[in-house]
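# Observations on the three-dimensional arrangement
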Amino acid sequence: MLILMRPDIEPDGPELAAVLAHARNLPGVSAQVHHVVGATRSLIEVYLIGRTNAVPREAVEQLPGVERVVRISEKYRVLGRHQGQVEAVGFVYNGLTFDQESLHVFAGLCAVDSREHVEGMMSALQRAGVTTTRMGAYKPRTSPYDFQGFGRECLPYVFELAGKYGIRVVAMEIVHETQLDEIRAALEAAGRPTGVMLQIGTRNAQNFELLKYVGQQAEFPVLFKRGMGITLEESLNACEYIASEGNRNVVFCLRGVKTHLGDPHRNLVDFTHVPAVKRLTRMPVCVDPSHSVGKRERAPDGLLDLYHATAQGVIAGANMILVDFHPAPEKALCDGPQALLMDELPGFLADVRLVRECYEKRVALARA
Ligand code: PEP
Ligand code: MN
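So, here is what we can say about the structure in this document.

Rules behind the numbers
- Residues numbered from 1 in each chain as written.
- Chains lettered and ligands numbered in written order.
- Predicted model: local features only at pLDDT ≥ 70, side-chain atom pairs only at ≥ 80, totals over all residues.
- Heavy atoms only, no water.
- Helix = DSSP H or I, 4+ residues; strand = E, 2+ residues; numbered from the N terminus.
- Buried < 20%, exposed > 50% of the residue type's maximum accessible area, 1.4 Å probe, protein only.
- Contact = heavy atoms within 4.5 Å.
- Areas by Shrake-Rupley, 256 points an atom, 1.4 Å probe, with all protein chains shown as cover.
- Salt bridge = Lys/Arg side-chain N within 4 Å of Asp/Glu carboxyl O.
- Pairing = 2+ DSSP bridges.
- Axes fitted to C-alpha atoms, helices over the stretch in contact; angles between N-to-C directions.
- Near = heavy atom within 4 Å.
- Polar contact = N/O pair within 3.5 Å; in protein donor to acceptor, adjacent residues only side chain to side chain.
- Expected span 1.5 Å × (residues − 1).
- Phe/Tyr/Trp six-rings, centres within 6.5 Å; stacked < 30°, edge-to-face > 60°.
- Donors = N, O, S within 2.8 Å, 3.2 Å for Na, K, Ca; no water.

Broken down by element type, the protein chain carries 11 helices and 15 strands. Based on the C-alpha atoms only, the size of the protein chain along its principal axes is roughly 65 × 50 × 35 Å. Expressed as a percentage of its 368 residues, the buried residues of the protein chain come to 54%. A separation threshold of at least 6 residues defines the contact pool for the protein chain, and within that pool the share at least 24 residues apart is 72%. In the structure as shown, the protein chain presents an accessible area of about 16,000 Å², 52% of it carried by carbon and sulfur atoms.

The following block contains the structure:
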C-alpha cells in the first residue's frame, strides 16, 4: 500500500509522524518512507509492506496530511505506475531534469582509448551545444583477451576534460562495486567538475548484488540497460532492486535483444517498447541505437540505419539517446564499426530535433 502525502507536508512534521505511528499499530506491516524530489514538485511517499490486504484504506486516507492511498500490486512497487498515480516523478541531477517528458542526447565514446580522443569528442560536443556524454572506462567484454577499458587510470583526464568542455553528466558503466568508489574518489580529486550517471550494462542486468549496491547510494543516478536475453518484466524487476534499496533515480535503457531474428543488425531493435515502459513505470526511457544496430549500413534513402533506429525511439517518446561517436573509429579499441563520425554530429542532432518536433505534434494531436 502506498500513501502519498500532500506536497506541503514536512519530513519532520506531525502528519508524517502520525502516519508512521498508525503503521506501527498494524500487525505484520512495516513502513518505508521515500522522499521524492521531482522536477516540478517534491513529495513524501510512505510504503506499507507486509500484510496490507487487511488494512482498511479509508482509515489511512482520513489521517491528516494524506493526499491519497493507492493499493499497489507486488509488481514494480517503487518504480511502477500504479492505479491513480499519474505523475511521472523524474529527478534533477547536476542541473538537468530527467523525466518522461525530457530528451537528452548522450553522445560519446564507447570506450575511452586516449586523452586525445576524449578531448576531440568533448570539444565537438561543446561546439554542438551538448552537455551530456558517454565514456566507457570499465568495459565488459565477451572475450577475456579483448580490451577491458583503461579503468581508473583514465578517470582523472576524463573528468578534467569534462569540466573544461562544460559536460554536466557522463554516463559511465561499472561492472564491479569497487569502481563506484574509484569514480567517486576521482571526481573528488578533480574538484567535482561534472556529474556521473552509473551505467549497468546488459550483461549485469541480473547481477543483483551490484544492483543493490548502486541502489544503496543516491549520489549518482543509474542508467539500467535492459537484459539482452531476459523478458522486459525481468528487466523491470531488476530496476526495482535498485529502487527498493533507496535510489529511485533510474533511467531505463532499451538496447535491443539478442536473437538471430534481428539480423542483419547486432540486436533486434526493441524501441516500440518505449511507450510500454512509460506506461508500466515512471522511469524516463533511453534508447541506444548503437548497440542495437551495431553497424554503419545505409538505407537506399541515404540515411544510416543508426539514424532510422534513433528516430524510431524518439518518435515513440524516448527521453534519452545513448549513442557512440568516435573521432577515428578505425583506431577505436571497442565498437569502432558502429560509431558515428565526428562531422556527423550536427546532422545527427538536427535529425533528432526534427523527429522530436514531430513527436510533440503527435502528442498535441492526440490530446486535442
Ligand atoms: C555499452 O553501452 O558500452 C555497452 C556495453 O552496452 P550494453 O551493455 O548494452 O551491451
Ligand atoms: Mn560498446
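Here the narrative resumes.
A few words on the pattern of salt bridges. This model, assessed by the stated rule, comprises 20 salt bridges. The partner of Arg248 in a salt bridge is Glu45, with the nearest N and O atoms 2.9 Å apart. With a gap of 203 residues between them, Arg248 in the loop between α7 (232–244) and β12 (250–254) and Glu45 in strand β3 (residues 42–50) connect regions that are remote in the sequence. For Arg248, a relative accessible area of 14% corresponds to the buried category.

Right, let's talk about the sheet that holds strand β4 (residues 66–70) for a bit. Overall, antiparallel pairing links the 4 strands, which are arranged β2-β3-β1-β4 in an open sheet. The open sheet has two free edges, formed respectively by β2 (29–37) and β4, since each of these has just one partner strand. Adjacent strand axes in the sheet meet at a mean angle of 20° when their direction is disregarded. Alignment of β2 against β3, held across 9 bridges, turns out to be antiparallel. Residue His35 lies in a different strand from β3, and its bridge partner there is Ile44.

Quick look at the site of ligand 1 now. In the vicinity of ligand 1, the residues found are Cys110, Arg134, Lys139, Glu173, Gln199, Gly201, Thr202, Arg203, Lys225, Arg255 and His291. Between an oxygen atom of ligand 1 and a side-chain N or O atom of Gln199, the distance comes to 2.9 Å. Contacts to ligand 1 include Arg255, whose side-chain N or O atom sits 2.6 Å from an oxygen atom. Protein coverage of the free-state accessible area of ligand 1, which is 300 Å², stands at 97%.

Attention shifts here to unusual backbone geometry. The omega angle of the peptide bond from Asp263 to Pro264 is 10°, so this bond is cis rather than trans. As for its placement among the helices and strands, Pro264 is situated in the loop between β12 and α8 (274–280). Phi angles above zero are rare outside glycine, and Tyr76 is one such case at about 40°. We note that Asp335 has phi near 55°; this positive angle belongs to a residue other than glycine. With respect to the element layout, Asp335 can be found in the loop between β14 (320–326) and β15 (340–341).

Moving on: the pairing of strand β10 (residues 195–200). Counting buried residues in β10 gives 6 out of 6 residues, a clear majority hidden from the surface. Residues of β10 alternate between two faces, with Gly195, Met197 and Gln199 on one and Val196, Leu198 and Ile200 on the opposite face, all of them buried. The pairing of strand β9 (residues 169–173) with β10 spans 5 bridges and is parallel. The residue bridging Val169 from the neighbouring strand is Gly195, located in β10. Alignment of β10 against strand β11 (residues 222–225), held across 3 bridges, turns out to be parallel.

Another point: helix α5 (residues 177–189). Helix length check: α5, at 13 residues, gives a terminal C-alpha distance of 19 Å against a target of 18 Å (1.5 Å per residue), a fit within 8%. Its buried side turned inward, α5 meets α4 (155–164), β9, β10 and α6 (208–215). At the exit of α5 stands Gly191, carrying a positive phi of roughly 85°.

Scanning the entire structure with this criterion turns up 7 aromatic pairs. Relative to Phe106, the ring of Phe98 lies with its centre 6.2 Å away and its plane at 50°, an arrangement referred to as tilted. Considered together, Phe98 and Phe106 belong to a single accessibility category, that of buried residues. Among the aromatic residues, those joined into a ring-pair cluster are Phe91, Phe98 and Phe106.

Moving on, we get to the coordination of the manganese ion (ligand 2). In the first shell of the manganese ion (ligand 2), the protein supplies Cys110 (SG), His291 (NE2) and Asp335 (OD), at 2.0 to 2.4 Å from the metal. Each donor residue of the manganese ion (ligand 2) lies on the same chain, and together they follow the pattern C-x180-H-x43-D. One end of the pair, Cys110, is in the loop between β7 (104–108) and α3 (115–128); the other, His291, is in helix α9 (residues 289–293), and 181 residues separate them in sequence. Note on His291: relative accessible area 8%, which makes it buried.

Before going further, it helps to spend a moment on the environment of Ile3. By the element assignment, Ile3 lies in strand β1 (residues 2–5). With relative accessibility at 1%, the residue Ile3 sits in the buried group. Linking Ile3 and Met197, residues 194 residues apart in sequence, is a C-alpha distance of 29 Å. Residues within four places of Ile3 in sequence aside, it is in contact with Val19, Ile44, Glu45, Val46, Leu48, Val60, Val66 and Arg68.

Function cannot be inferred from these measures alone, as they are strictly geometric.
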